[in-house]
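Observations on the three-dimensional arrangement
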Amino acid sequence: MVLVNIHDYTGSANPHIPPSESLSHKDYYQQISDIARLENSERLIGFYGQPDQRTIDIFSKSGYSFIDLDIDFKSPNQKIVPQAYCHIIRDIINNAIHFKDRLELIICTTGRDKCDQGRNVRDILSQTGFRCIDASNINQRVLRPPLISESRGNLKDKVIRIMQLVYKPLTVEEESYYASMRCEPSFNYHGVPPQDIGLLDLFPDDCHIHGWTRLVEMGIPARDDLEWTVTNNRPTVYFSQSFCNKQIMAENLARERSGLYIDGHGMVTDSLRAKLEAFLSLRARQNGSASRQSRQTAAFGVQS
Amino acid sequence: MIFCDGGSSYSKIYDSNSGELSIIPTRLLVKDKARRYHYSTGHSSKAHSLNHINELIALGEGSLELISDKSFTVLDIGSRDMKFVSYQHREAANMDWNNSCGGNMGFTLEVLGKSYEVDYENILPARDSIPVTCGLLGVEKVFDQINQGDDPETAIARFVLGMAKVSHNFCGKPSQLYLSGGLSANPCFIKSLSTLCDVKVLGREVLLHGLMRKAREEGHLSHNPLKSISGITQKTLTFER
(Lines give C-alpha, C1' and ligand atoms only; values in the text may rest on other atoms or scores of the structure.)
Protein backbone atom coordinates (compact mmCIF):
# COMPACT_ATOMS: atom_id res chain seq x y z
CA MET A 1 0.00 0.00 0.00
CA VAL A 2 1.45 3.33 -1.02
CA LEU A 3 0.58 6.02 1.45
CA VAL A 4 3.33 8.54 1.02
CA ASN A 5 6.15 9.24 -1.37
CA ILE A 6 9.70 10.05 -0.49
CA HIS A 7 12.09 12.12 -2.54
CA ASP A 8 15.86 12.06 -2.52
CA TYR A 9 16.06 10.68 0.98
CA THR A 10 19.41 9.11 0.07
CA GLY A 11 20.94 12.31 -1.21
CA SER A 12 21.77 10.52 -4.44
CA ALA A 13 22.92 12.15 -7.66
CA ASN A 14 19.38 11.96 -8.95
CA PRO A 15 17.62 14.58 -6.88
CA HIS A 16 14.15 13.53 -7.77
CA ILE A 17 12.55 10.14 -7.30
CA PRO A 18 9.23 10.16 -9.15
CA PRO A 19 6.06 9.16 -7.33
CA SER A 20 5.93 5.86 -9.19
CA GLU A 21 8.86 4.76 -7.09
CA SER A 22 6.93 5.29 -3.87
CA LEU A 23 7.71 3.22 -0.83
CA SER A 24 5.46 0.99 1.18
CA HIS A 25 4.07 2.36 4.43
CA LYS A 26 6.44 0.30 6.57
CA ASP A 27 9.52 0.94 4.41
CA TYR A 28 8.74 4.62 4.31
CA TYR A 29 8.67 5.09 8.09
CA GLN A 30 11.75 2.91 8.50
CA GLN A 31 13.65 5.14 6.11
CA ILE A 32 12.35 8.28 7.79
CA SER A 33 13.65 6.90 11.10
CA ASP A 34 17.01 6.17 9.49
CA ILE A 35 17.24 9.70 8.11
CA ALA A 36 16.26 11.23 11.44
CA ARG A 37 18.89 9.17 13.23
CA LEU A 38 21.70 9.93 10.83
CA GLU A 39 21.23 13.60 10.11
CA ASN A 40 22.30 16.66 12.05
CA SER A 41 19.50 17.49 14.44
CA GLU A 42 20.92 20.93 15.11
CA ARG A 43 19.67 21.97 11.71
CA LEU A 44 16.04 22.76 10.98
CA ILE A 45 13.38 20.74 9.22
CA GLY A 46 11.32 22.91 6.88
CA PHE A 47 7.76 21.99 6.05
CA TYR A 48 4.69 23.40 4.37
CA GLY A 49 1.05 22.51 4.86
CA GLN A 50 0.29 20.02 7.62
CA PRO A 51 2.46 16.98 6.85
CA ASP A 52 1.86 13.41 7.94
CA GLN A 53 1.98 13.56 11.74
CA ARG A 54 4.03 10.39 12.23
CA THR A 55 6.76 11.72 9.94
CA ILE A 56 6.91 14.92 11.97
CA ASP A 57 6.91 12.97 15.23
CA ILE A 58 9.88 10.85 14.14
CA PHE A 59 11.99 13.93 13.47
CA SER A 60 10.71 15.58 16.61
CA LYS A 61 11.81 12.65 18.77
CA SER A 62 15.26 12.88 17.20
CA GLY A 63 15.57 16.40 18.51
CA TYR A 64 14.88 18.43 15.38
CA SER A 65 13.24 21.83 15.39
CA PHE A 66 10.86 22.86 12.65
CA ILE A 67 10.20 25.91 10.56
CA ASP A 68 6.84 26.47 8.88
CA LEU A 69 7.74 27.72 5.41
CA ASP A 70 4.15 28.89 4.77
CA ILE A 71 4.73 31.84 7.09
CA ASP A 72 5.73 35.27 5.79
CA PHE A 73 9.26 35.78 7.15
CA LYS A 74 9.90 38.67 4.73
CA SER A 75 12.47 36.54 2.92
CA PRO A 76 13.97 38.14 -0.20
CA ASN A 77 12.03 37.52 -3.37
CA GLN A 78 13.90 34.93 -5.42
CA LYS A 79 11.74 35.72 -8.46
CA ILE A 80 11.08 32.05 -9.11
CA VAL A 81 7.34 32.41 -8.63
CA PRO A 82 5.45 34.79 -10.94
CA GLN A 83 4.33 38.11 -9.46
CA ALA A 84 0.65 37.35 -9.97
CA TYR A 85 0.62 34.10 -8.02
CA CYS A 86 -0.40 32.84 -4.62
CA HIS A 87 1.70 34.72 -2.10
CA ILE A 88 1.94 31.71 0.22
CA ILE A 89 3.45 29.57 -2.52
CA ARG A 90 5.91 32.37 -3.21
CA ASP A 91 6.75 32.56 0.52
CA ILE A 92 7.46 28.82 0.73
CA ILE A 93 10.03 28.97 -2.05
CA ASN A 94 11.54 32.30 -0.93
CA ASN A 95 11.80 31.06 2.67
CA ALA A 96 13.35 27.74 1.68
CA ILE A 97 16.05 29.43 -0.36
CA HIS A 98 16.62 32.14 2.24
CA PHE A 99 17.08 29.57 5.03
CA LYS A 100 18.83 27.02 2.85
CA ASP A 101 22.01 26.84 4.93
CA ARG A 102 20.02 26.05 8.06
CA LEU A 103 17.66 23.48 6.56
CA GLU A 104 18.38 19.77 6.80
CA LEU A 105 15.53 18.87 4.48
CA ILE A 106 11.99 19.88 3.59
CA ILE A 107 8.87 17.90 4.36
CA CYS A 108 6.39 18.53 1.55
CA THR A 109 2.64 18.16 1.29
CA THR A 110 1.42 17.56 -2.21
CA GLY A 111 -1.99 15.96 -2.07
CA ARG A 112 -5.54 16.95 -1.21
CA ASP A 113 -4.21 18.09 2.15
CA LYS A 114 -2.51 21.13 0.59
CA CYS A 115 -3.38 22.80 -2.68
CA ASP A 116 -2.56 21.79 -6.20
CA GLN A 117 0.61 23.85 -6.11
CA GLY A 118 2.16 21.67 -3.40
CA ARG A 119 3.45 19.30 -6.06
CA ASN A 120 4.99 22.08 -8.13
CA VAL A 121 6.67 23.50 -5.04
CA ARG A 122 8.10 20.07 -4.19
CA ASP A 123 9.48 19.68 -7.70
CA ILE A 124 10.96 23.18 -7.81
CA LEU A 125 12.60 22.75 -4.40
CA SER A 126 13.89 19.35 -5.35
CA GLN A 127 15.35 20.71 -8.59
CA THR A 128 16.86 23.61 -6.66
CA GLY A 129 18.90 21.14 -4.64
CA PHE A 130 16.81 20.62 -1.53
CA ARG A 131 16.29 17.19 -0.11
CA CYS A 132 12.53 16.75 -0.05
CA ILE A 133 10.37 14.22 1.69
CA ASP A 134 6.89 13.97 0.31
CA ALA A 135 4.79 13.39 3.40
CA SER A 136 1.29 14.31 2.39
CA ASN A 137 -1.20 13.97 5.20
CA ILE A 138 -3.91 11.60 4.09
CA ASN A 139 -5.24 10.90 7.57
CA GLN A 140 -9.03 10.51 7.59
CA ARG A 141 -9.47 9.99 11.33
CA VAL A 142 -10.13 12.98 13.57
CA LEU A 143 -7.13 13.40 15.88
CA ARG A 144 -8.49 16.23 18.03
CA PRO A 145 -11.79 18.03 18.59
CA PRO A 146 -11.88 21.63 17.28
CA LEU A 147 -11.28 23.14 20.72
CA ILE A 148 -9.29 26.14 19.54
CA SER A 149 -11.56 26.72 16.55
CA GLU A 150 -14.60 27.07 18.77
CA SER A 151 -13.01 29.01 21.61
CA ARG A 152 -13.16 32.69 22.50
CA GLY A 153 -9.97 34.63 21.98
CA ASN A 154 -7.98 36.65 19.50
CA LEU A 155 -8.50 35.02 16.11
CA LYS A 156 -4.93 35.59 14.98
CA ASP A 157 -3.55 33.92 18.11
CA LYS A 158 -5.92 30.98 17.71
CA VAL A 159 -4.97 30.43 14.07
CA ILE A 160 -1.25 30.67 14.86
CA ARG A 161 -1.64 28.12 17.65
CA ILE A 162 -3.49 25.76 15.33
CA MET A 163 -0.69 25.90 12.79
CA GLN A 164 1.84 25.17 15.54
CA LEU A 165 -0.01 21.94 16.31
CA VAL A 166 1.98 20.39 13.45
CA TYR A 167 5.02 20.17 15.71
CA LYS A 168 3.77 21.34 19.12
CA PRO A 169 0.79 19.43 20.56
CA LEU A 170 -1.58 21.06 22.99
CA THR A 171 -0.59 20.62 26.62
CA VAL A 172 -3.14 19.32 29.08
CA GLU A 173 -3.43 22.83 30.49
CA GLU A 174 -4.08 24.27 27.06
CA GLU A 175 -6.74 21.66 26.36
CA SER A 176 -8.51 22.61 29.56
CA TYR A 177 -8.14 26.29 28.77
CA TYR A 178 -9.58 26.10 25.27
CA ALA A 179 -12.38 23.81 26.43
CA SER A 180 -13.28 26.33 29.13
CA MET A 181 -13.25 29.13 26.55
CA ARG A 182 -15.73 27.49 24.21
CA CYS A 183 -18.21 30.09 22.99
CA GLU A 184 -21.17 30.61 20.74
CA PRO A 185 -19.94 32.39 17.64
CA SER A 186 -21.07 35.75 16.35
CA PHE A 187 -19.16 35.18 13.08
CA ASN A 188 -17.15 32.48 11.36
CA TYR A 189 -13.82 32.74 9.60
CA HIS A 190 -13.42 30.19 6.81
CA GLY A 191 -10.15 29.61 5.01
CA VAL A 192 -6.43 29.24 5.33
CA PRO A 193 -4.28 31.49 7.51
CA PRO A 194 -3.94 34.67 5.44
CA GLN A 195 -0.48 35.63 4.27
CA ASP A 196 -0.97 38.96 6.04
CA ILE A 197 -2.04 37.39 9.33
CA GLY A 198 -2.93 40.85 10.69
CA LEU A 199 -6.20 40.58 8.76
CA LEU A 200 -7.45 38.34 11.56
CA ASP A 201 -7.18 41.12 14.12
CA LEU A 202 -10.29 42.66 12.59
CA PHE A 203 -12.52 39.78 13.69
CA PRO A 204 -14.34 39.60 17.04
CA ASP A 205 -13.04 37.23 19.71
CA ASP A 206 -16.11 35.01 19.53
CA CYS A 207 -15.36 34.10 15.92
CA HIS A 208 -15.24 30.39 15.11
CA ILE A 209 -12.77 28.90 12.64
CA HIS A 210 -13.80 26.78 9.68
CA GLY A 211 -12.35 25.50 6.45
CA TRP A 212 -8.80 24.22 6.06
CA THR A 213 -7.54 25.76 9.31
CA ARG A 214 -10.17 23.90 11.32
CA LEU A 215 -9.28 20.68 9.53
CA VAL A 216 -5.65 21.20 10.51
CA GLU A 217 -6.69 21.42 14.14
CA MET A 218 -8.60 18.19 13.74
CA GLY A 219 -5.65 16.56 11.97
CA ILE A 220 -7.57 15.84 8.77
CA PRO A 221 -6.39 18.42 6.21
CA ALA A 222 -7.12 16.03 3.34
CA ARG A 223 -10.83 15.90 4.17
CA ASP A 224 -11.45 18.59 1.60
CA ASP A 225 -15.11 17.56 1.47
CA LEU A 226 -15.42 19.09 4.94
CA GLU A 227 -14.04 22.38 3.70
CA TRP A 228 -17.49 22.93 2.23
CA THR A 229 -19.05 22.65 5.69
CA VAL A 230 -19.82 25.35 8.22
CA THR A 231 -21.48 23.96 11.33
CA ASN A 232 -23.58 26.95 12.34
CA ASN A 233 -25.72 29.55 10.63
CA ARG A 234 -23.73 32.63 11.65
CA PRO A 235 -22.43 35.09 9.06
CA THR A 236 -19.23 33.76 7.59
CA VAL A 237 -16.24 35.42 5.96
CA TYR A 238 -14.73 33.17 3.31
CA PHE A 239 -11.12 34.07 2.71
CA SER A 240 -8.72 32.83 0.10
CA GLN A 241 -5.37 34.01 -1.05
CA SER A 242 -5.53 35.73 -4.40
CA PHE A 243 -4.54 33.34 -7.22
CA CYS A 244 -5.24 30.31 -5.01
CA ASN A 245 -7.27 27.43 -6.41
CA LYS A 246 -9.46 27.59 -3.29
CA GLN A 247 -10.87 30.89 -4.55
CA ILE A 248 -13.60 29.17 -6.51
CA MET A 249 -14.77 27.26 -3.43
CA ALA A 250 -14.69 30.34 -1.21
CA GLU A 251 -16.57 32.46 -3.72
CA ASN A 252 -19.23 29.81 -4.26
CA LEU A 253 -19.72 29.21 -0.56
CA ALA A 254 -20.06 32.93 0.07
CA ARG A 255 -22.66 33.27 -2.66
CA GLU A 256 -24.68 30.23 -1.59
CA ARG A 257 -24.59 31.07 2.12
CA SER A 258 -24.84 34.87 1.88
CA GLY A 259 -21.42 35.24 3.37
CA LEU A 260 -18.63 37.58 2.43
CA TYR A 261 -15.94 36.46 0.03
CA ILE A 262 -12.62 38.21 0.34
CA ASP A 263 -9.24 37.53 -1.13
CA GLY A 264 -5.94 39.11 -0.37
CA HIS A 265 -2.53 39.33 -1.99
CA GLY A 266 0.21 40.67 0.24
CA MET A 267 -0.62 43.37 2.72
CA VAL A 268 -4.23 43.97 3.69
CA THR A 269 -5.48 46.87 1.58
CA ASP A 270 -7.76 49.65 2.80
CA SER A 271 -10.42 48.33 0.46
CA LEU A 272 -10.25 44.82 1.91
CA ARG A 273 -10.20 46.16 5.46
CA ALA A 274 -13.22 48.37 4.77
CA LYS A 275 -15.18 45.54 3.19
CA LEU A 276 -14.53 43.28 6.14
CA GLU A 277 -15.31 45.96 8.73
CA ALA A 278 -18.54 46.78 6.92
CA PHE A 279 -19.63 43.15 6.77
CA LEU A 280 -18.90 42.62 10.45
CA SER A 281 -20.70 45.83 11.37
CA LEU A 282 -23.73 45.50 9.11
CA ARG A 283 -24.21 41.81 9.86
CA ALA A 284 -23.85 42.28 13.60
CA ARG A 285 -27.46 43.49 13.53
CA GLN A 286 -28.87 40.09 12.71
CA ASN A 287 -26.87 38.18 15.26
CA GLY A 288 -29.34 38.50 18.10
CA SER A 289 -31.81 36.11 16.55
CA ALA A 290 -29.17 33.91 14.95
CA SER A 291 -27.48 33.13 18.24
CA ARG A 292 -30.57 31.42 19.58
CA GLN A 293 -30.71 29.18 16.52
CA SER A 294 -27.02 28.44 16.68
CA ARG A 295 -27.20 26.98 20.16
CA GLN A 296 -29.43 24.27 18.76
CA THR A 297 -26.90 23.36 16.05
CA ALA A 298 -24.84 20.21 16.46
CA ALA A 299 -21.23 20.77 17.46
CA PHE A 300 -19.60 19.15 14.46
CA GLY A 301 -20.85 16.50 12.11
CA VAL A 302 -17.59 14.82 11.13
CA GLN A 303 -17.53 11.18 10.16
CA SER A 304 -14.23 9.82 11.30
CA MET B 1 -23.53 68.21 15.93
CA ILE B 2 -21.51 68.37 12.76
CA PHE B 3 -21.47 65.50 10.30
CA CYS B 4 -19.08 65.24 7.39
CA ASP B 5 -18.81 62.97 4.39
CA GLY B 6 -15.32 63.97 3.33
CA GLY B 7 -14.86 62.88 -0.24
CA SER B 8 -11.69 63.33 -2.27
CA SER B 9 -13.12 66.17 -4.36
CA TYR B 10 -16.14 67.37 -2.42
CA SER B 11 -17.12 67.26 1.25
CA LYS B 12 -20.72 67.13 2.32
CA ILE B 13 -21.21 68.73 5.72
CA TYR B 14 -24.38 68.92 7.77
CA ASP B 15 -24.80 70.92 10.95
CA SER B 16 -27.76 69.51 12.87
CA ASN B 17 -27.95 72.62 15.06
CA SER B 18 -28.35 75.14 12.25
CA GLY B 19 -29.88 72.67 9.78
CA GLU B 20 -27.38 73.81 7.16
CA LEU B 21 -26.18 71.39 4.51
CA SER B 22 -23.07 72.42 2.56
CA ILE B 23 -21.19 70.83 -0.29
CA ILE B 24 -17.69 72.26 -0.34
CA PRO B 25 -14.66 71.43 -2.50
CA THR B 26 -12.38 69.39 -0.26
CA ARG B 27 -9.35 71.34 -1.44
CA LEU B 28 -10.77 74.36 0.38
CA LEU B 29 -11.36 72.41 3.57
CA VAL B 30 -7.98 70.73 3.90
CA LYS B 31 -6.33 74.05 4.66
CA ASP B 32 -8.31 74.23 7.90
CA LYS B 33 -6.30 71.92 10.13
CA ALA B 34 -8.45 72.76 13.14
CA ARG B 35 -11.74 71.53 11.66
CA ARG B 36 -13.61 69.03 13.80
CA TYR B 37 -16.62 66.78 13.21
CA HIS B 38 -18.71 64.74 15.59
CA TYR B 39 -19.31 62.00 13.04
CA SER B 40 -17.52 61.60 9.76
CA THR B 41 -16.76 59.23 6.93
CA GLY B 42 -14.49 59.53 3.93
CA HIS B 43 -10.84 59.86 3.09
CA SER B 44 -10.30 63.46 4.04
CA SER B 45 -12.02 63.65 7.40
CA LYS B 46 -10.58 60.84 9.47
CA ALA B 47 -8.01 62.90 11.34
CA HIS B 48 -10.60 65.51 12.27
CA SER B 49 -13.40 63.40 13.67
CA LEU B 50 -14.53 62.13 17.04
CA ASN B 51 -16.32 59.18 15.43
CA HIS B 52 -15.04 58.02 12.06
CA ILE B 53 -17.04 55.37 10.21
CA ASN B 54 -15.87 53.57 7.12
CA GLU B 55 -17.64 54.55 3.94
CA LEU B 56 -19.15 51.16 3.19
CA ILE B 57 -20.79 51.11 6.60
CA ALA B 58 -22.04 54.67 6.12
CA LEU B 59 -23.42 53.71 2.71
CA GLY B 60 -25.08 50.58 4.07
CA GLU B 61 -26.61 52.39 7.04
CA GLY B 62 -27.66 55.36 4.95
CA SER B 63 -29.37 53.22 2.35
CA LEU B 64 -31.31 51.37 5.04
CA GLU B 65 -32.43 54.76 6.29
CA LEU B 66 -33.70 55.89 2.90
CA ILE B 67 -34.88 52.73 1.14
CA SER B 68 -37.82 50.66 2.30
CA ASP B 69 -37.39 47.78 -0.18
CA LYS B 70 -36.64 44.40 1.39
CA SER B 71 -33.96 43.59 -1.16
CA PHE B 72 -31.94 46.13 -3.07
CA THR B 73 -28.51 47.19 -4.26
CA VAL B 74 -27.08 50.64 -3.69
CA LEU B 75 -24.07 51.87 -5.65
CA ASP B 76 -22.10 54.95 -4.68
CA ILE B 77 -19.71 56.47 -7.20
CA GLY B 78 -17.59 59.35 -6.12
CA SER B 79 -14.64 61.16 -7.50
CA ARG B 80 -12.08 58.56 -6.56
CA ASP B 81 -13.84 55.27 -5.87
CA MET B 82 -17.03 53.29 -6.10
CA LYS B 83 -18.67 50.99 -3.63
CA PHE B 84 -21.86 49.01 -3.33
CA VAL B 85 -23.90 47.12 -0.77
CA SER B 86 -26.58 44.56 -1.63
CA TYR B 87 -29.29 43.67 0.84
CA GLN B 88 -31.43 40.56 0.81
CA HIS B 89 -34.40 40.79 3.17
CA ARG B 90 -32.68 43.86 4.64
CA GLU B 91 -29.65 41.77 5.57
CA ALA B 92 -26.32 42.79 4.06
CA ALA B 93 -25.58 40.06 1.54
CA ASN B 94 -22.74 41.42 -0.55
CA MET B 95 -20.55 44.47 -0.73
CA ASP B 96 -17.40 45.72 -2.34
CA TRP B 97 -15.31 48.82 -2.43
CA ASN B 98 -13.02 49.60 -5.27
CA ASN B 99 -10.68 52.49 -4.75
CA SER B 100 -8.02 51.63 -7.28
CA CYS B 101 -8.69 50.04 -10.66
CA GLY B 102 -12.41 50.82 -10.55
CA GLY B 103 -11.93 54.28 -9.25
CA ASN B 104 -11.33 57.78 -10.49
CA MET B 105 -14.48 57.77 -12.58
CA GLY B 106 -16.00 60.92 -11.17
CA PHE B 107 -12.69 62.71 -11.22
CA THR B 108 -12.00 61.76 -14.84
CA LEU B 109 -15.45 62.84 -16.01
CA GLU B 110 -15.07 66.18 -14.30
CA VAL B 111 -11.67 66.75 -15.90
CA LEU B 112 -12.92 65.69 -19.33
CA GLY B 113 -15.97 67.92 -19.02
CA LYS B 114 -13.89 70.94 -18.10
CA SER B 115 -11.24 70.24 -20.75
CA TYR B 116 -13.72 70.00 -23.60
CA GLU B 117 -16.26 72.43 -22.09
CA VAL B 118 -18.90 69.75 -22.23
CA ASP B 119 -22.17 70.05 -20.32
CA TYR B 120 -23.27 66.57 -19.29
CA GLU B 121 -26.82 67.85 -19.14
CA ASN B 122 -26.82 68.15 -22.90
CA ILE B 123 -25.09 64.92 -23.93
CA LEU B 124 -27.24 62.10 -25.18
CA PRO B 125 -26.25 58.61 -24.07
CA ALA B 126 -24.23 56.68 -26.62
CA ARG B 127 -25.42 53.48 -28.28
CA ASP B 128 -22.04 51.81 -28.12
CA SER B 129 -19.27 52.22 -25.65
CA ILE B 130 -15.56 52.73 -25.47
CA PRO B 131 -14.05 49.75 -23.62
CA VAL B 132 -13.25 51.03 -20.15
CA THR B 133 -11.34 49.26 -17.39
CA CYS B 134 -11.52 52.10 -14.91
CA GLY B 135 -11.57 55.87 -14.80
CA LEU B 136 -8.01 56.03 -16.10
CA LEU B 137 -7.53 52.97 -18.30
CA GLY B 138 -9.63 53.85 -21.32
CA VAL B 139 -9.51 57.61 -21.21
CA GLU B 140 -6.83 57.63 -23.91
CA LYS B 141 -9.44 56.16 -26.25
CA VAL B 142 -11.52 59.32 -25.82
CA PHE B 143 -8.61 61.32 -27.19
CA ASP B 144 -8.15 58.79 -30.02
CA GLN B 145 -11.82 59.09 -31.00
CA ILE B 146 -11.64 62.86 -31.04
CA ASN B 147 -8.44 62.79 -33.08
CA GLN B 148 -10.19 60.52 -35.56
CA GLY B 149 -12.94 63.07 -36.11
CA ASP B 150 -15.60 62.40 -33.49
CA ASP B 151 -16.90 65.44 -31.69
CA PRO B 152 -15.99 65.49 -27.96
CA GLU B 153 -19.62 65.00 -26.87
CA THR B 154 -19.88 61.74 -28.81
CA ALA B 155 -16.54 60.38 -27.63
CA ILE B 156 -17.22 61.30 -24.02
CA ALA B 157 -20.72 59.81 -24.17
CA ARG B 158 -19.23 56.52 -25.37
CA PHE B 159 -16.72 56.68 -22.54
CA VAL B 160 -19.51 57.33 -20.05
CA LEU B 161 -21.43 54.28 -21.31
CA GLY B 162 -18.26 52.22 -20.85
CA MET B 163 -18.07 53.47 -17.28
CA ALA B 164 -21.71 52.63 -16.72
CA LYS B 165 -21.07 49.06 -17.87
CA VAL B 166 -18.08 48.71 -15.54
CA SER B 167 -20.16 50.05 -12.64
CA HIS B 168 -23.09 47.76 -13.39
CA ASN B 169 -20.80 44.72 -13.57
CA PHE B 170 -19.05 45.77 -10.38
CA CYS B 171 -22.21 45.51 -8.32
CA GLY B 172 -23.39 42.22 -9.79
CA LYS B 173 -25.60 43.43 -12.68
CA PRO B 174 -28.80 44.01 -10.70
CA SER B 175 -31.99 44.76 -12.64
CA GLN B 176 -32.60 47.75 -10.39
CA LEU B 177 -30.01 49.96 -8.81
CA TYR B 178 -30.07 52.79 -6.31
CA LEU B 179 -27.39 55.29 -7.20
CA SER B 180 -25.68 57.71 -4.86
CA GLY B 181 -22.56 59.84 -4.84
CA GLY B 182 -21.29 62.57 -7.10
CA LEU B 183 -22.01 60.70 -10.32
CA SER B 184 -25.68 60.56 -9.41
CA ALA B 185 -25.68 64.24 -10.39
CA ASN B 186 -24.39 63.50 -13.89
CA PRO B 187 -27.40 63.17 -16.25
CA CYS B 188 -25.42 61.50 -19.02
CA PHE B 189 -24.12 58.84 -16.66
CA ILE B 190 -27.58 58.19 -15.20
CA LYS B 191 -29.13 57.86 -18.64
CA SER B 192 -26.32 55.58 -19.77
CA LEU B 193 -26.70 53.40 -16.70
CA SER B 194 -30.45 53.36 -17.30
CA THR B 195 -29.83 51.47 -20.53
CA LEU B 196 -28.55 48.60 -18.40
CA CYS B 197 -30.97 48.61 -15.45
CA ASP B 198 -33.60 50.70 -13.70
CA VAL B 199 -31.87 53.48 -11.82
CA LYS B 200 -33.21 55.20 -8.74
CA VAL B 201 -31.25 58.29 -7.82
CA LEU B 202 -30.66 58.86 -4.13
CA GLY B 203 -28.42 61.90 -4.38
CA ARG B 204 -25.21 62.80 -2.66
CA GLU B 205 -26.22 62.73 1.01
CA VAL B 206 -26.67 58.99 1.55
CA LEU B 207 -23.49 58.63 3.59
CA LEU B 208 -24.54 61.57 5.78
CA HIS B 209 -27.77 59.71 6.45
CA GLY B 210 -25.68 56.72 7.48
CA LEU B 211 -23.73 58.87 9.94
CA MET B 212 -26.94 60.22 11.42
CA ARG B 213 -28.39 56.75 11.76
CA LYS B 214 -25.28 55.77 13.70
CA ALA B 215 -25.53 58.88 15.89
CA ARG B 216 -29.16 58.10 16.58
CA GLU B 217 -28.38 54.48 17.49
CA GLU B 218 -25.68 55.66 19.84
CA GLY B 219 -28.09 58.04 21.55
CA HIS B 220 -26.59 61.27 20.26
CA LEU B 221 -29.55 62.23 18.08
CA SER B 222 -33.25 61.74 18.65
CA HIS B 223 -34.12 61.65 14.95
CA ASN B 224 -32.58 62.18 11.54
CA PRO B 225 -33.11 65.90 10.83
CA LEU B 226 -31.61 65.69 7.36
CA LYS B 227 -34.28 63.25 6.25
CA SER B 228 -36.99 65.92 6.33
CA ILE B 229 -35.11 68.64 4.53
CA SER B 230 -32.78 67.07 2.03
CA GLY B 231 -35.48 66.50 -0.53
CA ILE B 232 -34.39 63.00 -1.45
CA THR B 233 -36.22 61.90 -4.52
CA GLN B 234 -36.37 58.38 -5.74
CA LYS B 235 -37.35 58.59 -9.35
CA THR B 236 -36.80 55.79 -11.79
CA LEU B 237 -35.06 57.07 -14.86
CA THR B 238 -35.36 55.03 -17.98
CA PHE B 239 -33.86 55.54 -21.35
CA GLU B 240 -35.49 54.30 -24.54
CA ARG B 241 -32.97 53.02 -27.03
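No experiment lies behind these values; they were computed from the predicted model shown. (Residues numbered from 1 in each chain as written. Chains lettered and ligands numbered in written order. Predicted model: local features only at pLDDT ≥ 70, side-chain atom pairs only at ≥ 80, totals over all residues. Heavy atoms only, no water.)

**Here's the deal with the layout of surface pockets**
- Space inside the largest pocket adds up to approximately 780 Å³.
- Lining the largest pocket we find 33 residues, and of these A:Tyr261, A:Lys275, B:Asn94, B:Met95 and B:Asp96 sit closest to its centre.
- Contributions of two or more residues to the lining of the largest pocket are made by helix H8 (247-256), strand E8 (260-264) and helix H9 (270-283) of chain A together with strand E7 (82-88) and strand E8 (91-98) of chain B.
- Of all the elements, E8(B) adds the most residues to the lining of the largest pocket, at six residues. (1 Å grid on protein atoms, 1.4 Å probe; cavity = no way out; pocket = protein on both sides within 12 Å on 5 of 7 lines; lining within 4 Å. Points joined across faces, edges and corners; volume = space filled by probe spheres on them. Helix = DSSP H or I, 4+ residues; strand = E, 2+ residues; numbered from the N terminus.)

**Points about the interface of chain A and chain B**
- In this complex, chain A contributes 15 residues to the contact, which on the side of chain B involves 19 residues.
- Where chain A meets chain B, there are two salt bridges.
- In this structure, B:Asp96 and A:Lys275 form a salt bridge, with 3.0 Å as the shortest nitrogen-oxygen distance.
- By residue number, the principal contributor to the side of chain A that touches chain B is H9(A), which donates 10 residues.
- Residue classes in the side of chain A that touches chain B are distributed as five nonpolar, five polar and five charged. (Contact = heavy atoms within 4.5 Å. Salt bridge = Lys/Arg side-chain N within 4 Å of Asp/Glu carboxyl O. Nonpolar A, V, L, I, M, F, W, Y, C, P; charged D, E, K, R; others polar.)

**Observations concerning the packing of aromatic side chains**
Residues and elements named next belong to chain A.
- On inspection of all chains with the given rule, the structure shows 13 aromatic pairs over all chains.
- Relative to Phe 99, the ring of Phe 73 lies with its centre 5.6 Å away and its plane at 90 degrees, an arrangement referred to as edge-to-face. Taken together, the residues Phe 73 in the loop between strand E2 (65-68) and helix H3 (87-98) and Phe 99 in the loop between H3 and strand E3 (103-108) connect sequence positions 26 residues apart.
- The partly exposed category is assigned to Phe 73, whose relative accessible area is 34%.
- Taking the relative accessible area as the measure of exposure, Phe 99 reaches 13% and is therefore buried.
- Ring centres 6.3 Å apart and planes at 25 degrees place the aromatic pair Tyr 189 and Phe 239 in the stacked group. With Tyr 189 in strand E5 (residues 187-190) and Phe 239 in strand E7 (residues 236-241), this residue pair connects regions lying 50 residues apart in the sequence. You'll find Tyr 189 and Phe 239 in the same group, each marked buried. (Phe/Tyr/Trp six-rings, centres within 6.5 Å; stacked < 30°, edge-to-face > 60°. Buried < 20%, exposed > 50% of the residue type's maximum accessible area, 1.4 Å probe, protein only.)

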